[in-house]
Amino acid sequence: RASAAAVYKRSGHLRPPEVRARQPDSSMTDHASQLSTFAAPISFGKYLLVERLWVGPTIEVFRAKAEGFEGFSRTVTVSRLLPQVTHDDDLVRDFIEEAKRASHLHHANIAQIVDLGRVDDAYYVATEYVPGESLAHLVAVAGDKGPSLSLDLACHVIIKICEGLEYAHNRTDTTGHPLHLIHR
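Summarised in this report is the structure supplied together with it. (Residues numbered from 1 in each chain as written. Predicted model: local features only at pLDDT ≥ 70, side-chain atom pairs only at ≥ 80, totals over all residues. Heavy atoms only, no water.)

### Thoughts on the pattern of salt bridges
Step number 1: As enumerated under the stated definition, the model contains nine salt bridges in all.
Step number 2: Note that Glu-60 is salt-bridged to Arg-80, the shortest N-O span being 2.7 Å. Linking Glu-60 in strand S3 (residues 59-67) with Arg-80 in strand S4 (residues 73-81), this pair joins segments that are 20 residues apart in sequence. Just as Glu-60 is buried, Arg-80 falls in that class too.
Step number 3: Residues joined in a network through salt bridges with shared partners are Arg-52, Glu-60 and Arg-80. (Salt bridge = Lys/Arg side-chain N within 4 Å of Asp/Glu carboxyl O. Helix = DSSP H or I, 4+ residues; strand = E, 2+ residues; numbered from the N terminus. Buried < 20%, exposed > 50% of the residue type's maximum accessible area, 1.4 Å probe, protein only.)

Structure below.
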């Protein structure tokens, strides 16, 4: 199981696909309702959480600002384990190990991991933020206007996703051992 933001694929201006279903089940409705209860911005360690992008069963994902020396600022995505799962030592260990493995990935179609950390009891992974519309949004808009995405756009997106997956699958650590990343 990959960490929350470990292996996001991107293509040109596309942001990682959202995981929400078109017809949410009751658990997704609960998560979606949590999106509307977020009062931004919230200070979280060295990050300012600006917007909650997604809430799942184990993580929540934010658009955040990392601010530094002399006005330096960078927009990132912060994926934070939810408080109710931080007691699960196996899940926390997997989250940390997978983020460490995924930090070896440097490819145009994979958002880079820029930080892994803990604030109090909250574990998080920060990745580069890829602005733009999500793939789920593009598919939904195309569905509203007609049967689907254009064949050219669909092929382009699939090719870019495959390039990222092929790279991640074949990538090794610094000692030459496979990373054993699982894609979801």
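### Observations regarding helix H2 (residues 89-102)
Step number 1: Taking 1.5 Å of rise per residue, the 14 residues of H2 would be expected to cover 20 Å, and the 20 Å separating its terminal C-alpha atoms lies within 8% of that figure.
Step number 2: Among the residues making up H2, those that are buried are Leu-91, Val-92, Phe-95, Glu-98, Ala-99 and Ala-102. Seen along its axis, H2 keeps its buried residues to an arc of 140°; they face one direction.
Step number 3: Tucked inside the fold, the buried residues of H2 contact S3, S4, strand S5 (113-119) and strand S6 (122-128). (Expected span 1.5 Å × (residues − 1). Arc of directions from axis to C-beta. Contact = heavy atoms within 4.5 Å.)

### Regarding unusual backbone geometry
Only a minority of non-glycine residues have a phi that is not negative, and only a minority of peptide bonds are not trans.
Step number 1: The residue Glu-70 is not glycine, and still its phi comes out positive at about 55°.
Step number 2: By secondary structure assignment, the location of Glu-70 is in the loop between S3 and S4.
Step number 3: Taking the relative accessible area as the measure of exposure, Glu-70 reaches 70% and is therefore exposed.
Step number 4: Of note in this structure, Asp-120 is not a glycine but carries a positive phi near 55°.
Step number 5: Tracing the backbone through its elements, the reader meets Asp-120 in the loop between S5 and S6.

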